[in-house]
Amino acid sequence: MKSLPEYLDDEFTLVNKYDLLAMLEQCQLLNVIEKLIQQLKDNPCQALDIGVISSSVVISVNNNISMPGHEKRQKIESLFADLVFMIFIDFLKNKPIEYPLILKEIKRHTFTTCNLMGYDFNVFKKLIDAHAFSSINAGYGSDLKTISHPVEVSKSKILWTGKGRLEELVYQLGRRKLIKNKTSFFDLFLKTQSEHVMVKWDFERKGHLAFLLCELYKKDLINVTSNRGYFSYAEKHFISFDGAALKANSLKKLSSAIHMQPQHYPKIINDVTEIIDKVSAVH
C-alpha cells in the first residue's frame, strides 16, 4: 500500500490535493488517515478487524467535520469519501478471496455505527455503493470484480457490463501512467450523473485509448446507452494532462489505423492486450 502523501499525489488533482490536505489538517484527521493506512497494512486479511477499524474511522471523521465553523461540508465529505475509496481499492485489489467478507463487515459495522450515533455521513458510502452495484449486476453479494451500473440512465453514458474487473483496469492504467488519477475514471462508471466527469489521459499515447476502447467494446466489457458511439462519448470525457480536448472522430480514426496496419503499432497492441487479459482474468 502507498503512504498518504503518495495517495494525494497520485489520485487527486493539484487543487483537490491541497484542498484535501488543508481539510485533513483543519479537521485534525491527518493522523486518523495515516493510522488507517498503517492498520490496513498490519491487518491484511482479518475481516472483523477491518470492520471495527472502519467503524472507528466513521466516528472520527463525523466528530471532527461536524465541529462548528466547518463550512463546505459537502466538499469535505466528497473528498474524504474519494480518499477512503482509493485507499480501500488499493488494499483490496490483491485480495480476491477475502474482500467479499471484508466488504460485508465494513458495511455492517459502518451502518450500525451511523445508526447508533445518528451520523448522516458514511465515509465508506462510495465503496459500499460500488459493492452494491456488483451485487445487483451479478445477482448475489459477491465482490468488486463486477462493478457496473444497475440504474437506468436516460442520457448517453458509458457502462461497465460486469464481465471483467473495473478496479483491475484502473490499476493497470494507473501503473502505466496513462491516466492522471484513478478517481475520475471510477466516477465515469460509478456516478449516475457523470456528464461533467473528465478523465485526464496521456495524449502522447492516444492510440492506447482508441485501441483500448475498441477492445473493451469487442470483448463486451463496456457498453454505451442511447445507442451512441463509445468513441464519441469518450471524446467528450477524456482530456489531456494539460486539459486539452480531443478532436471529433480522432479516436475512431486512430483505431481504424491500428486495425488496418497493426504492424506499425506493436507496442499499443501488446500493451492493450496485456491489460485486457488482466481485466478479464478470473480469480
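Look up: the structure comes first, before these words.
Note that the coordinates shown come from a computational prediction; the quantities given were computed from them, not determined experimentally.

**Student:** How should I be thinking about the nonpolar core in this particular structure?
**Tutor:** Soluble globular proteins: nonpolar side chains tend toward being buried together. Formed by 84 residues in total, the largest nonpolar core has its most connected members in Phe-80, Phe-88, Phe-124, Leu-169 and Phe-185. With twelve residues, helix H5 (residues 73–92) is the single largest residue contributor to this core. With residues up to four places along the chain from it excluded, the contact list for Phe-80 reads Leu-20, Met-23, Leu-24, Leu-29, Val-61, Ile-65, Phe-121 and Val-123.

**Student:** Is there a simple way to explain the pattern of salt bridges in this structure?
**Tutor:** Side-chain pairs of opposite charge can arise where the charged atoms are in close proximity. Scanning the model with the defined rule gives nine salt bridges in all. Between Glu-168 and Arg-165 there is a salt bridge whose closest N-O contact spans 3.5 Å. Residues Glu-168 and Arg-165 agree in their burial class; the two are buried. A salt bridge links Arg-176 to Glu-274; its shortest N-O distance comes to 2.9 Å. One end of the pair, Arg-176, is in the loop between helix H8 (166–175) and helix H9 (182–190); the other, Glu-274, is in helix H13 (residues 266–280), and 98 residues separate them in sequence. Of the residues examined, Arg-176 reaches a relative accessible area of 15% and is grouped as buried. Note on Glu-274: relative accessible area 35%, which makes it partly exposed. Shared partners join several salt bridges into a network, and the residues in it are Arg-175, Arg-176 and Glu-274.

**Student:** What should I look at first to understand helix H10 (residues 206–218) in this one?
**Tutor:** Count 3.6 residues to each turn of an α-helix, and residues three or four apart come out pointing the same way. The end-to-end C-alpha separation of H10 is 19 Å, in line with the 18 Å expected for 13 residues at 1.5 Å each. Of all 13 residues in H10, ten are buried; the element is thus mostly enclosed. When H10 is considered as a whole, its buried residues turn out to be Gly-207, His-208, Leu-209, Ala-210, Phe-211, Leu-212, Leu-213, Cys-214, Glu-215 and Leu-216. Just downstream of H10 lies Asp-220, where phi reads positive at about 60°.

**Student:** Help me out: how do you make sense of the layout of surface pockets in this one?
**Tutor:** Where empty space is left in the structure can be found by rolling a water-sized probe over the atoms. For the largest pocket, the calculated volume is near 850 Å³. Surrounding the largest pocket, 30 residues form its lining, Ser-78, Asp-82, Lys-126, Asp-187 and Lys-191 being those nearest its centre. Elements that contribute at least two residues to the lining of the largest pocket include exactly H5, helix H7 (125–138) and H9. It is H5 that provides the largest number of residues to the lining of the largest pocket, a total of seven residues. Each residue belonging to the lining of the largest pocket can be placed in one class, and the counts come to nine nonpolar, ten polar and eleven charged. Roughly 310 Å³ of volume is contained in the second largest pocket.

**Student:** Help me understand the environment of Leu-254 in this model?
**Tutor:** Mapped onto the elements of the fold, Leu-254 is located in helix H12 (residues 250–260). By relative accessible area, which is 26% here, Leu-254 ends up partly exposed. Distance from Leu-254 to Lys-206, taken between C-alpha atoms, is 8.0 Å for residues 48 residues apart in sequence. Not counting residues up to four positions away in its chain, the partners in contact with Leu-254 are Lys-206, Gly-207 and Ala-210.

**Student:** Looking at this model, I keep getting lost on the packing of aromatic side chains. Mind explaining?
**Tutor:** Two measures describe an aromatic ring pair: the distance that separates the ring centres and the angle between the ring planes. Tallied over the full model, the rule gives nine aromatic pairs. Measuring from ring centre to ring centre gives 5.1 Å for Phe-88 and Phe-124, while their planes differ by 80°; the resulting arrangement is edge-to-face. Placement of the pair is Phe-88 in helix H5 and Phe-124 in the loop between helix H6 (99–117) and H7, with a sequence separation of 36 residues. Relative to Phe-189, the ring of Phe-185 has its centre 5.6 Å away and its plane inclined at 45°; by these criteria the two rings are tilted. In this pair, Phe-185 and Phe-189 both sit in helix H9, four residues apart, roughly one turn of the helix. A relative accessible area of 4% means that Phe-185 is categorised as buried. Taken together, the ring pairs connect Trp-160, Phe-185, Phe-189, Trp-201 and Phe-238 into an aromatic cluster. In this structure, Lys-17 packs its charged tip against the face of Tyr-18, placed 5.4 Å from the ring centre. Directly above the ring of Phe-241 sits Lys-180, whose terminal nitrogen or CZ lies 4.8 Å from the centroid.

**Student:** Mind showing me how you'd approach unusual backbone geometry here?
**Tutor:** For residues besides glycine, phi is generally negative; the peptide bonds are generally trans as well. With phi around 55°, Gln-28 is a residue other than glycine that occupies positive phi space. Tracing the chain through its elements places Gln-28 in the loop between helix H2 (14–26) and helix H3 (30–42). In the Ramachandran plot, Lys-177 falls in the positive-phi region, its phi being about 60° despite a non-glycine side chain. Judged by its relative accessible area of 60%, Lys-177 falls in the exposed class.

What counts and what doesn't
Residues numbered from 1 in each chain as written. Predicted model: local features only at pLDDT ≥ 70, side-chain atom pairs only at ≥ 80, totals over all residues. Heavy atoms only, no water. Core = buried A, V, L, I, M, F, W, Y, C linked by side-chain atoms within 4.5 Å. Buried < 20%, exposed > 50% of the residue type's maximum accessible area, 1.4 Å probe, protein only. Helix = DSSP H or I, 4+ residues; strand = E, 2+ residues; numbered from the N terminus. Contact = heavy atoms within 4.5 Å. Salt bridge = Lys/Arg side-chain N within 4 Å of Asp/Glu carboxyl O. Expected span 1.5 Å × (residues − 1). 1 Å grid on protein atoms, 1.4 Å probe; cavity = no way out; pocket = protein on both sides within 12 Å on 5 of 7 lines; lining within 4 Å. Points joined across faces, edges and corners; volume = space filled by probe spheres on them. Nonpolar A, V, L, I, M, F, W, Y, C, P; charged D, E, K, R; others polar. Phe/Tyr/Trp six-rings, centres within 6.5 Å; stacked < 30°, edge-to-face > 60°. Lys NZ or Arg CZ within 6 Å of the ring centre and 35° of its normal.

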